[in-house]
Amino acid sequence: MGKLATWALAATGLALTAGAALADTTVKWMHIEINPAQIKIWEETARAFEAKNPGVKVEMQFLENESFKAKLPTLLQSKDRPHIIYSWAGGVLKTQIEAGVIDDITDRVQGYSEQITPAALAAFTYNGRVYGLPIAMSQVGFLYNRDLMGKAGVDASGIKTWDDLLGAVKKIKAAGIVPIVVGGADKWPLHFYWTHLAVRLGGKAGFEAALKGENGGFQSETYLKAGELFKQLVDLQPFQNGFLGFKNPQAVGYFGDGKAAMTLAISTAYHAQRALAADKAGLGEDKIGWFDFPTVPGQKGEPSDTLGGITGWLVTKGAPKEATDFLKFFISKDVQTRLAAGNFIIPIVAGADAGLNNAFMRQIADNLAKSKYHQNFYDQSLGPSVGRVVNDVSAEIAGGTMSPADAAKAVQEAWKQGN
Amino acid sequence: MAVIAARRVPRDGSLTAVLLFLPPALLLFTLFVVLPIGEAAWYSGFNWNGFGSPTKWVGFDNYRAVLDSRAFGLAFRNNILIILVSLLVQLPLALTLALLLAEKFRGAVALRMLFFMPYVLAEIATGLIFSFVYDGDYGLLASIYRLFGAEAPHLLASPDTSMLAILIVIVWKYFGFHMMLFIAALQSLDRNLIEAARIDGAGRLQTLRYIVIPLLYPTIRLSVFFAVVGSLQLFDLVMPLTRGGPADSSNTMVSFLYNFGVTRMRVGFGSAVGVILFVICVTFAFTYKRWFMRDE
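Since this is a predicted model, take the numbers as computed values, not measurements.

Engineer: Would you explain the interface of chain B and chain A in this entry?
Structural biologist: By convention, interface size is frequently given as the accessible area that disappears when the constituent parts associate. Across the contact, 24 residues belong to chain B and 29 residues belong to chain A. Both faces combined, the contact of chain B with chain A buries some 2,300 Å², and carbon together with sulfur accounts for 51% of it. Looking at the side of chain B facing chain A, the largest losses of area belong to F51, R243 and R264 of chain B, adding up to 29% of the total buried there. For the pair chain B and chain A, the interface holds 3 salt bridges. When the shortest N-O distance is used, the salt bridge between E396 of chain A and R70 of chain B registers 3.7 Å. At the surface where chain B touches chain A, the tally comes to 8 residue pairs in polar contact (both at pLDDT 80 or more). When residues of the side of chain B that touches chain A are assigned to their parent elements, the largest contribution, 3 residues, is made by helix α12 (residues 253-262) of chain B. Among the residues making up the side of chain B that touches chain A, the classes are represented as 10 nonpolar, 6 polar and 8 charged.

Now the structure itself:
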């Protein structure tokens, strides 16, 4: 009898401590950020949240970009999945939602979501329900080196049309300077050409028609023409030697080293080029400029249309409610203003753009505010199986191993197969 | 069948041993070998992105798609190329060096270690190192070209040269391993046989041709086996060097599986590649063992 009492007591004790442990909630958060300055702000935000919410711990986990994408399907289906994960929205998000591994947080963010840029929030909304919160937007366009452009006698502010660009490339090449640097081994930097041309040529209607399979889908006039215009550029051999062997960080560094006149890049490269340059200083603000992707003859899109990313965070199924609370805290005006002040992001919370303290970031923010059609990166938007094919064919057009017609056909076939 | 099985059961106490020791081994084998293979074979019949459980049964469509894929054809060709280079360049090189370094002379051990070193290095590190060596702007190769006043080619960036560049790294990395195998075999040879041949008037080359090499056959057969199976499974050197590019020119079957199955979240398609690769490996392993390694 005595023994039984001891056991019972021990069991109660165990139950009690287990109960106490449960009161301590840990919010696990998985990211892919590699910029230590930005992570420092994130860490501080997490600690501030913990201070305000006793009993809640926020734990950051890191995975490298490609490993993150590869591991995600398995990770999301395990019981031990992180509560908050990084996302590029688009087709991958759609698959995850359909698989039922992402939490519907519509009700929990009510009254809060109004302060977020509608286009950014829309990227994380599916069938009228909110599945995540955006954190930043970016734009794809041309960064250029003022000194090299000057040396080649090219006025960058005059590059408005595709022909202007081709003319500039010829002039720069004639001056013995590498016109454009690109990280072709990563493939996606090359897909910016094909897809931005398509954004110009077809506009929003063109993309939506392709998704519905109208006019031949991705084999329609829009995409054939995009490939042909891209080929015009490729035929001028505008890229640095061995561009198919360059990874993106290498290419951005090459630009930062002042070895190429231009690069078609995500707006974040404006700052990344400094850290990636050989001397860690890169091009100073007076040496670097930006022009929007040129217009093309007969385009149906608006010149203000933009291509870029919308990134954010998802809350996974079964996460404690503190995860959403933390996310709201994390994507608040204060934190966004801080991140904007560090020039890490173009903020998506109303008023946080006041933090932007340089002319370049402000210009990008204005562009995005003006844009009525912001196309998410195709390789994200179309999901991994089709998106990778877009990247593949872009690299093949650039390498001269595939014709624009075959490229469009390959994308359409991948799309048909997956949908 | 039952009769045969019954006849094979030992009558003495070893029956207990079989009953005692077979189940755990069988369980482990089933859990870690048979089940995953069976699972892959099962998944290969579905069009599936890895979320939830597979529902879209497509039969042999994935296999058809793999075999129709131009990129898989290239990957298969590259695997054959790797096998050929391993057998025709790497093993002869390893054997020659082994014959030179098996002799006892000053510095022999140091030289052996030097040649063995690349094998010790992790594949991923080797790949990274060589991606710097091959860099046409800053790499070692570029400096060599510059010495002669020429501009270096970007070997890894052209579909025509990417595979050549990888093959060079493969030979560099693995010849030391085979050399060590051969040295070990050479040192355990019966010196009396060689001395007897010498006394009978055989020259160095004759001794080599008629005594040493035949005595090395078992090791050579083993080396060939390792080289072929290793070549079929090559992956971790390719990823840091080219990731299979440009234009899929340097994929191996395994990097093809990764690039087209895993990163595109086409689990069924990837499984089909895995099954094809498995069949090739197993067929080779069994045929080879049956024909060439019967005595061992």
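Engineer: Explain the pattern of salt bridges here, please?
Structural biologist: Inspection of the entire model under this criterion finds 16 salt bridges over all chains. Between K40 of chain A and E44 of chain A there is a salt bridge whose closest N-O contact spans 3.4 Å. Of this pair, K40 of chain A and E44 of chain A both sit in helix α2 (residues 36-52), 4 residues apart, which is roughly one turn of that helix. Judged by its relative accessible area of 55%, K40 of chain A falls in the exposed class. Between R64 of chain B and D61 of chain B there is a salt bridge; the shortest N-O distance is 3.2 Å. Taken together, the residues R64 of chain B and D61 of chain B, both in helix α3 (residues 61-68) and 3 residues apart, mark about one turn of the helix. Taking relative accessible area as the criterion, D61 of chain B reaches 38% and is therefore assigned partly exposed.

Engineer: Teacher, can you tell me more about empty space enclosed by the protein here?
Structural biologist: Where empty space is left can be seen by rolling a probe of water-molecule size over the atoms. Considering all chains together, one arrives at 2 cavities of 30 Å³ or more under this definition. Within this model, the largest cavity holds a volume of roughly 40 Å³. Lining the largest cavity are M137, S138, S267, T268, F344, I345, I346 and M361 of chain A. Broken down by class, the residue content of the lining of the largest cavity amounts to 5 nonpolar, 3 polar and no charged. Roughly 30 Å³ of internal volume is contained in the second largest cavity. Taken together, K187, D392, A395 and E396 of chain A together with A247 and D248 of chain B make up the lining of the second largest cavity. Taken together, the residues of the lining of the second largest cavity break down into 2 nonpolar, no polar and 4 charged.

Engineer: Looking at this structure, how should I read the sheet that holds strand β7 (residues 140-145) of chain A?
Structural biologist: Two pairing modes exist for strands in a sheet, parallel and antiparallel, and in both the strands are linked by backbone hydrogen bonds. All names here are of chain A. Spatial strand order, β8-β9-β7-β10: 4 strands in an open sheet with mixed pairing. Taken across any chain shown, the strands that pair with only one partner, and hence form the sheet edges, are β8 (178-180) and β10 (288-291). Across the sheet, the mean angle from the axis of one strand to that of its neighbour is 25°, orientation sign disregarded. For β7 and β10, the ladder comprises 4 bridges, and the chain directions are antiparallel. Paired with F142 across the strands is F291, a residue of β10.

Engineer: Sorry if this is basic, but what is going on with the packing of aromatic side chains here?
Structural biologist: Any two aromatic rings considered together are summarised by their centre-to-centre distance and by the angle between their planes. Here the structure, examined in full by the defined rule, presents 51 aromatic pairs over all chains. Ring centres 6.0 Å apart and planes at 50° place the aromatic pair F256 of chain B and F269 of chain B in the tilted group. Pair noted here: F256 of chain B is in helix α12 and F269 of chain B is in helix α13 (residues 267-292), with a separation of 13 residues, a long-range link. Through a chain of ring-to-ring contacts, the aromatic side chains of W29, W42, F49, F68, Y86, W88, W313, F326, F329 and F330 of chain A assemble into a single cluster. Sitting over the ring of Y174 of chain B, K173 of chain B keeps its end group 5.5 Å from the ring centre. Positioned above the aromatic ring of F260 of chain B, the side-chain terminus of R264 of chain B is 4.2 Å from the ring centre.

Engineer: What should I look at first to understand the environment of P82 of chain A in this one?
Structural biologist: Residues and elements named next belong to chain A. Inspection of the secondary structure assignment puts P82 in the loop between α3 (65-77) and β3 (84-87). Its relative accessible area of 2% is what places P82 among the buried residues. For the pair P82 and L165, spaced 83 residues apart in sequence, the C-alpha to C-alpha distance is 46 Å. In this structure, P82 is in contact with K28, M30, Q61, L75 and T316, ignoring residues within four places of it in sequence.

Engineer: How should unusual backbone geometry be read in this particular structure?
Structural biologist: With the exception of glycine, most residues fall at negative phi, and the peptide bonds are largely trans. A cis amide bond, omega -10°, links G245 of chain B with the succeeding residue P246 of chain B. As for its position among the elements, P246 of chain B is in the loop between α11 (238-241) and α12. In the Ramachandran plot, A89 of chain A falls in the positive-phi region, its phi being about 55° despite a non-glycine side chain. Mapped onto the secondary structure, A89 of chain A falls in the loop between β3 and α4 (90-98). Of note, A247 of chain B is a non-glycine position whose phi angle comes to about 50°, a positive value. Positionally, A247 of chain B belongs in the loop between α11 and α12.

Engineer: Before we go on, may I ask you to explain helix α6 (residues 123-133) of chain B in this structure?
Structural biologist: The α-helix winds at 3.6 residues per turn, so residues separated by three or four positions along the chain end up facing the same way. Residue and element names in this part refer to chain B. All of the buried residues in α6 are T126, G127, F130 and S131. Down the axis of α6, the sector holding all buried residues measures 135°, keeping them to one side. Lining the buried residues of α6 we find α8 (162-187) and α11.

Engineer: Help me understand the sheet that holds strand β2 (residues 56-62) of chain A, please; the structure alone is not making it clear to me.
Structural biologist: All names here are of chain A. Reading across from one edge, β2-β1-β3-β12-β6 is the order of the 5 strands in this open sheet, with mixed pairing throughout. Of all the strands in the sheet, the pair left with one neighbour each is β2 and β6 (132-137). Direction aside, the axes of adjacent strands within the sheet are offset by 20° on average.

Engineer: How do you make sense of the environment of A407 of chain A when you look at a structure like this?
Structural biologist: Residue and element names in this part refer to chain A. If you trace the backbone, A407 turns up in helix α17 (residues 404-418). Put simply, A407 and I397 are 10 residues apart on the chain and 7.4 Å apart in space, counted from C-alpha to C-alpha. Setting aside its immediate chain neighbours within four residues, A407 contacts V393, I397 and M402.

Engineer: I would appreciate a short explanation of the nonpolar core in the present structure.
Structural biologist: All names here are of chain A. Core analysis: the biggest nonpolar cluster contains 78 residues, and W29, F68, L133, L143, W313, F330 and I331 have the highest contact counts within it. Element by element, the count of residues in this core is highest for helix α14 (residues 359-370), at 5 residues. If sequence neighbours within four positions are ignored, L133 has contacts with I105, V109, Y112, I116, L121, F124, G312, W313, L327, K328 and I331. F218, A226, V386 and A407 belong to the second-largest nonpolar core, a separate cluster that totals 62 residues.

Analysis parameters
- Residues numbered from 1 in each chain as written.
- Chains lettered and ligands numbered in written order.
- Predicted model: local features only at pLDDT ≥ 70, side-chain atom pairs only at ≥ 80, totals over all residues.
- Heavy atoms only, no water.
- Contact = heavy atoms within 4.5 Å.
- Buried area = accessible area lost by both parts, 1.4 Å probe.
- Salt bridge = Lys/Arg side-chain N within 4 Å of Asp/Glu carboxyl O.
- Polar contact = N/O pair within 3.5 Å; in protein donor to acceptor, adjacent residues only side chain to side chain.
- Helix = DSSP H or I, 4+ residues; strand = E, 2+ residues; numbered from the N terminus.
- Nonpolar A, V, L, I, M, F, W, Y, C, P; charged D, E, K, R; others polar.
- Buried < 20%, exposed > 50% of the residue type's maximum accessible area, 1.4 Å probe, protein only.
- 1 Å grid on protein atoms, 1.4 Å probe; cavity = no way out; pocket = protein on both sides within 12 Å on 5 of 7 lines; lining within 4 Å.
- Points joined across faces, edges and corners; volume = space filled by probe spheres on them.
- Pairing = 2+ DSSP bridges.
- Axes fitted to C-alpha atoms, helices over the stretch in contact; angles between N-to-C directions.
- Phe/Tyr/Trp six-rings, centres within 6.5 Å; stacked < 30°, edge-to-face > 60°.
- Lys NZ or Arg CZ within 6 Å of the ring centre and 35° of its normal.
- Arc of directions from axis to C-beta.
- Core = buried A, V, L, I, M, F, W, Y, C linked by side-chain atoms within 4.5 Å.

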